Amino acid sequence: MLRFLGFLASFVFLMAILAAGGVLALFWHFGRDLPDYHQLAHYEPPVTTRVYAGDGRLVAEYAVEKRSFVPLEAMPKLVVRAFLSAEDKSFFSHPGIDFMGIGRAMLTNMRNVAEDKRLVGASTITQQVAKNFLLTNERSFERKIKEMILAFRIEKTFTKEHILELYLNEIYLGMGSYGVAAAAVNYFDKGLDHLGIAEAAYLAALPKAPNNYNPLKNYAAAKERRDWVIGRMAEDGYIGVAEAEAAKNEPLSLRRRPETELVTSGDCFAEDIRRDLAARYGESALYRGGLLVRSTLDPRLQGLAGQALRRGLLDYDRRHGWRGPVTRLTAGPGWPAQLAAVPMPQGVPEWRLALVLSVSDTAAEIGLVGGTLGRIPFEEMKWARPALEDQRFGPPPKRPGDVVKAGDVVLVEPVKEPDGVYGLRQAPKVEGALVAVDPHTGRVLAMVGGFAFARSEFNRATQALRQPGSAFKPFVYLAALDNGYTPSSLVLDGPIVLEQGPGLPKWKPSNYSGDFLGPTTLRVGIEKSRNLMTVRLAQAVGMETISDYAAKFGIMHHLPKVLSMALGAGETTVLRLTTAYAMLVNGGKKIEPTLIDRIQDRHGKTIYRHDQRPCSGCSATFFTNQEMPPLPDNREQLTDPMSAHQMVSILQGVVQRGTGRRIAALNRPLAGKTGTSNDSFDTWFVGFSPDLAVGVFVGFDEPRTLGDKETGGSVAVPIFKDFMEVALADRPATPFRVPRGIRLVRVNSHNGQPAQPGDPDVILEAFKPGTVPTGEFHVLDGGDMDGWVAPEGMYPPVPTEGVPTTTAPQAPGLPVAPVLPAAGIPVPAAGGLY
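Residues numbered from 1 in each chain as written. Predicted model: local features only at pLDDT ≥ 70, side-chain atom pairs only at ≥ 80, totals over all residues. Heavy atoms only, no water.

*Asks:* Sorry, what's going on with the overall build of the chain here?
*Replies:* The secondary structure content of the chain amounts to 20 helices and 23 strands. For the chain, the residues scored as buried account for 50% of the 834 residues in total. Residue pairs in contact within the chain that sit at least 24 positions apart in sequence constitute 68% of those at least 6 positions apart. Of the roughly 39,400 Å² of accessible surface on the chain, 54% is carried by carbon and sulfur atoms. (Helix = DSSP H or I, 4+ residues; strand = E, 2+ residues; numbered from the N terminus. Buried < 20%, exposed > 50% of the residue type's maximum accessible area, 1.4 Å probe, protein only. Contact = heavy atoms within 4.5 Å. Areas by Shrake-Rupley, 256 points an atom, 1.4 Å probe, with all protein chains shown as cover.)

So, in structure tokens, the structure goes:
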């Protein structure tokens, strides 16, 4: 017996040695090529990139996993303890593997196998970190051994707190929630620090199987699992028995996070920022890097811009007739199901599809999705003339039957919804863009790239190259003002014939109106948009100079040096041209348009800032009534500030007396220029107030005529006017700033000469020192006159003496400025950054 017992002990000892050796061999075999767990020291999970408007409102989010990283020390203890009770109550005492837990799991699984139940695991939080970060979800013995080896190594390398922080921020908890912070928002619309016991316990119940414990699908199982976690928390001493009972009695109700409320009409703005971020930092940084982007967008102006553009495009479309129904159906039994199957056109969420059931002499009876009935009175379809080719239209309808028929599926909008009255609607085919820019900084405050982003993601403000037509002319005239011309300089508005080269026909440009004004001032040339004057002026100044101006103002690079380019035959974008106009009103200072003020990385470090001016006093943490730090104006001067102001004054005349005179009804200091390309393919208005530059473009994506007599003045100007009327409603009517040295002289608006007593049309004209007209006429007439003769007596002689000036009262902080006693209006001088 003693020999047997000795033999048995030796055998057991030998088997233990062999088993230990086997375990060591097993660990050596599977531990040779494990992933590098040291990477967990620098954990940077995929985090959502967020774009914010200038007022802090959310514009857009970009992420592959929507996650908000929260350090462990910032997490409430209640949440942490709930997960410890549910997942690993011995976390702070085991070495990475819970041997007692493994033993309990083995016993439980023996019973589960016998009862044909699902096997349970005994993974610790450390093991789950090893699996989630370094391994796959493969269910195999090999993966489990690797997981255990890594858990040992992780525990020896990192603190328990760091491991727990990794787990709570990485774990997937269902409903697109990565990490506990995202789950708290998605399930309960709360931050972690606002969760109660029952809510924290529910989140802790989810890691095992989030989809199985979704209360919307399986309420009983979800509540049972939650209550089990609450019980474990009580057993572990984290909460009292009474608290546990009260928490268990709470119903499990979710308060889903509402769809993110984004800035109205901000889709194309956000998309341009998305493309910019992807180009700067790559797709990975965009969707995983957790960038914080502070954009330049002004939500109020963005909403107004979207409304004004949509309204303007709809008004144009209605003017050019009714193109017919969306489709046709049988207006019989079962029509609600047929109508519900018709896809809704994109971009018109406020409208509805309707089926015309019958038509009378006064209205069309309609049925809507869901079986609701209504009617379209004839008054709501009088606009629907039949649309013809080239945007022409037929005669007005005389009865509803001239517009719709039974079986037509049409778009309608509620007019008097309680009464079932609807208006006939039609989605426009025409497109457009609107851009609003801060002229002093280049910050893009609003940008709308089309009728509806849902219909087309193409941004016509930044991606569409279109001909600006006469909207380019101010830069031809600016080049002339920089080269010795004045607003009163005379240029012949008469026929001109130019050679184009051997074998080519002669070029005979014409004015839009087809008439000639004779010798005309530069001011009138812009106000009335005279093509022939512009060609003569460009010929005199030189297309090389004009091409340089187009480049340095960012309108277009490498402008062909041919005279037709002076009439806007080149191509540019709305954003470029609007920025160029902004550089007129800011005194000729160069600005770069930007949609982004600042970008920060996930750690809060600023990695991009649009405003690069140095500011040594801007780093103060608190405001203690210290003086504002001075900021230098380091913008490049592109043109003479006096020339820029002369052009602003001329463009103000376009609004007061010229092609943009509809805008004068706003009774504000506004200036700008219309533009219309050949055959009305492109229509523009670009203008500004002293502190806001706005550009509007309207045209078809596939260029074709907008219709006879449709111009920038009839299509784009109303949109500009609608936008500016509301955008400036809460702003003071600040006059345009006048640079030092400018003299304002009362002149005859027709001939530019000093005004005489009794002159009916007198304006204040801006002149540089030494350029006030003396009454002598010098007419630029270049080119073939083709027999034109000026009307006799059109320009009578005027006195040669100058106009006296006096000094205006000095405004605080501003230099002395001139004033004309006859007008009695002080002229604001330039001051500060403008």
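*Asks:* Is there a simple way to explain the nonpolar core in this structure?
*Replies:* Within soluble globular proteins, side chains that are nonpolar tend to cluster in buried spots. By size, the foremost hydrophobic cluster in this structure holds 81 residues, and its most contacted members are F475, I546, F553, Y581, L584, L651 and F688. With 9 residues, the single largest contributor to this core is helix α18 (residues 574-585). Apart from the residues within four sequence positions on either side, I546 is in contact with F472, V476, A479, A538, V541 and L559. Counting 54 residues, the second-largest nonpolar core is a separate cluster that includes L40, V129, V180 and V229. (Core = buried A, V, L, I, M, F, W, Y, C linked by side-chain atoms within 4.5 Å.)

*Asks:* What is the right way to read the packing of aromatic side chains from this model?
*Replies:* How two aromatic rings sit relative to each other is set out by the distance from centre to centre and by the angle between their planes. Scanning the model with the defined rule gives 16 aromatic pairs in all. Joined through ring pairs, the aromatic side chains of F472, F475, Y549, F553, Y581, F688 and F736 make up one cluster. Looking at R280, its charged tip hangs above the ring of Y608, at a distance of 4.1 Å from the centre. Looking at K552, its charged tip hangs above the ring of Y549, at a distance of 4.1 Å from the centre. (Phe/Tyr/Trp six-rings, centres within 6.5 Å; stacked < 30°, edge-to-face > 60°. Lys NZ or Arg CZ within 6 Å of the ring centre and 35° of its normal.)

*Asks:* Looking at this model, I keep getting lost on the packing of helix α2 (residues 77-87) against helix α9 (residues 219-235). Mind explaining?
*Replies:* The description of two helices packed together rests on the angle between their axes and the distance between the axes. Two elements in contact, α2 and α9, have axes whose closest approach is 9 Å; the angle formed by their N-to-C orientations is 100 degrees. Between α2 and α9, the crossing angle belongs to the class labelled roughly perpendicular. Together, L78, A82, S85, A86 and E87 of α2 and R225, W228, V229, R232 and M233 of α9 make up the contact between the two elements. Taken together, the residues of the contact of α2 with α9 sort by class into 6 nonpolar, 1 polar and 3 charged. (Axes fitted to C-alpha atoms, helices over the stretch in contact; angles between N-to-C directions. Parallel < 35°, antiparallel > 145°, perpendicular 65-115°, else oblique. Nonpolar A, V, L, I, M, F, W, Y, C, P; charged D, E, K, R; others polar.)

*Asks:* I keep staring at the environment of V694 and nothing clicks. Help me out?
*Replies:* The topology assignment puts V694 in strand β18 (residues 692-699). Classification of V694 as buried rests on a relative accessible area of 0%. Here V694 is in contact with L434, V435, A436, T578, F685, V686, G687, F720, F723 and M724, once residues within four sequence places are set aside.

*Asks:* Would you take a moment to explain the pattern of salt bridges for this structure?
*Replies:* Pairing is possible between side chains of opposite charge, provided their charged atoms come close. A complete count under the given rule lists 38 salt bridges for this structure. Here R50 and E61 are joined by a salt bridge, their closest N and O atoms 2.9 Å apart. Note that R50 is positioned in strand β1 (residues 49-52) and E61 in strand β2 (residues 58-62), a separation of 11 residues in sequence. Taking the shortest distance from any N to any O, the salt bridge between K590 and E592 comes out at 3.8 Å. A relative accessible area of 31% places K590 in the partly exposed class. One continuous salt-bridge network, built from bridges that share partners, spans E271, D272, R274 and R275. (Salt bridge = Lys/Arg side-chain N within 4 Å of Asp/Glu carboxyl O.)

*Asks:* When you look at the layout of surface pockets in this model, what are you seeing that I'm missing?
*Replies:* Think of a ball as big as a water molecule: rolled over the atoms, this probe shows where empty space is left. What the second largest pocket holds in volume is close to 1,100 Å³. The wall of the second largest pocket is formed by 38 residues, among which S470, Y512, N531, T676 and T711 lie closest to the centre. Residue assignment for the lining of the second largest pocket shows that the elements contributing at least two residues are β16 (671-676) and α20 (712-727). Its residues placed into classes, the lining of the second largest pocket shows 5 nonpolar, 24 polar and 9 charged. (1 Å grid on protein atoms, 1.4 Å probe; cavity = no way out; pocket = protein on both sides within 12 Å on 5 of 7 lines; lining within 4 Å. Points joined across faces, edges and corners; volume = space filled by probe spheres on them.)

*Asks:* Any chance you could explain the confidence of the model for the chain here in plain terms?
*Replies:* Caution applies to low-pLDDT regions: their predicted coordinates should not be interpreted in detail. Averaged over all residues, the pLDDT of the chain is 86; the fraction at 70 or higher stands at 85%. Predicted confidence is poor over residues 784-834, with pLDDT under 50, and the contacts of this stretch with residues over four places away or in other chains come to 92 contacts. (pLDDT = per-residue confidence, 0-100.)

*Asks:* How do you make sense of unusual backbone geometry when you look at a structure like this?
*Replies:* Note on backbone geometry: most residues besides glycine have negative phi, and most peptide bonds are trans. In the Ramachandran plot, S680 falls in the positive-phi region, its phi being about 55 degrees despite a non-glycine side chain. Assessed through its relative accessible area of 8%, S680 is described here as buried. Even without being a glycine, K709 presents a positive backbone phi close to 70 degrees. Mapping K709 onto the fold places it in the loop between β18 and α20.

*Asks:* Even after reading the chapter, I still don't get the pairing of strand β9 (residues 421-425), so can you show me in this structure?
*Replies:* A regular strand carries its side chains on alternate faces of the sheet. Across the 5 residues that make up β9, a large majority, 5, are buried. Relative to β9, strand β8 (residues 408-416) runs antiparallel, the two being bridged by 5 bridges. Of the residues in β9, the one forming a bridge with E413 is G423. Where β8 hands over to β9, the hairpin turn is made up of 4 residues, of which G420 adopts a positive phi near 70 degrees. (Pairing = 2+ DSSP bridges.)

*Asks:* I keep staring at the sheet that holds β18 and nothing clicks. Help me out?
*Replies:* The sheet built from 5 strands is open, its strands ordered β11-β10-β18-β17-β16 with antiparallel pairing. Every interior strand has two partners, whereas the edge strands, β11 (444-448) and β16, have only one. The average undirected angle you get between the axes of adjacent strands in this sheet is 5 degrees. In the sheet, strand β10 (residues 431-437) pairs with β11 via 4 bridges, with the strands oriented antiparallel. Within β11, the position partnered with V435 by the bridge is M447. On top of the sheet, helix α12 (residues 299-319) reaches β10, β11 and β18; it is set at about 30 degrees to β11, its chief contact.

*Asks:* What am I meant to see in a nonpolar patch on the surface here?
*Replies:* A surface patch of nonpolar side chains, about 810 Å² in accessible area, is lined by M1, L2, F4, L5, F7, L8 and V12. Note that V12 resides in helix α1 (residues 2-30). Overall, V12 belongs to the partly exposed group, its relative accessible area being 48%. (Patch = residues over 30% accessible without salt bridge, like charges linked within 9 Å, V, L, I, M, F, W, Y side chains within 5 Å.)

*Asks:* So what exactly am I meant to see when it comes to the environment of K156 here?
*Replies:* For K156, the position within the fold is in helix α5 (residues 141-157). Accessibility expressed as a relative area gives 76% for K156, which makes it exposed. On a C-alpha basis, the gap between K156 and G96 in space is 8.8 Å, while along the polypeptide they are 60 residues apart.

*Asks:* For this particular structure, what's the right way to read the packing of helix α14 (residues 473-481) against helix α17 (residues 543-552)?
*Replies:* Taken N-terminus to C-terminus, the directions of α14 and α17 make an angle of 115 degrees; their axes are 9 Å apart at the nearest point. Pair α14 / α17 crosses with right-handed handedness. Contacts between α14 and α17 involve F475, V476, L478 and A479 from the former and T545, I546 and Y549 from the latter. (Left-handed = near helix turned anticlockwise from the far one by under 90°.)

*Asks:* Help me understand the sheet that holds strand β15 (residues 606-609), please; the structure alone is not making it clear to me.
*Replies:* In a beta sheet, neighbouring strands pair by backbone hydrogen bonds and run either parallel or antiparallel. Taken together, 5 strands build an open sheet; the order of strands is β2-β1-β3-β14-β15 and the sheet is mixed. For this open sheet the edge positions go to β2 and β15, each flanked by a neighbour on one side alone. The mean inter-strand angle of the sheet, taken between neighbouring strand axes irrespective of direction, is 15 degrees. When strand β14 (residues 596-600) meets β15, the two strands line up antiparallel, connected through 3 bridges.

*Asks:* Before we go on, may I ask you to explain α12 in this structure?
*Replies:* Owing to its 3.6 residues per turn, the α-helix brings residues three or four apart onto one side. The end-to-end C-alpha distance of α12 is 30 Å, a good match for the 30 Å that 21 residues give at a rise of 1.5 Å each. Among the 21 residues in α12, 15 count as buried, and that is most of the element. Its side-chain oxygen at 3.0 Å from the backbone nitrogen of R300, D298 defines the N-terminal cap of α12. Positive phi appears at G321, one or two residues downstream of α12, with a value of about 100 degrees. (Expected span 1.5 Å × (residues − 1). Polar contact = N/O pair within 3.5 Å; in protein donor to acceptor, adjacent residues only side chain to side chain.)

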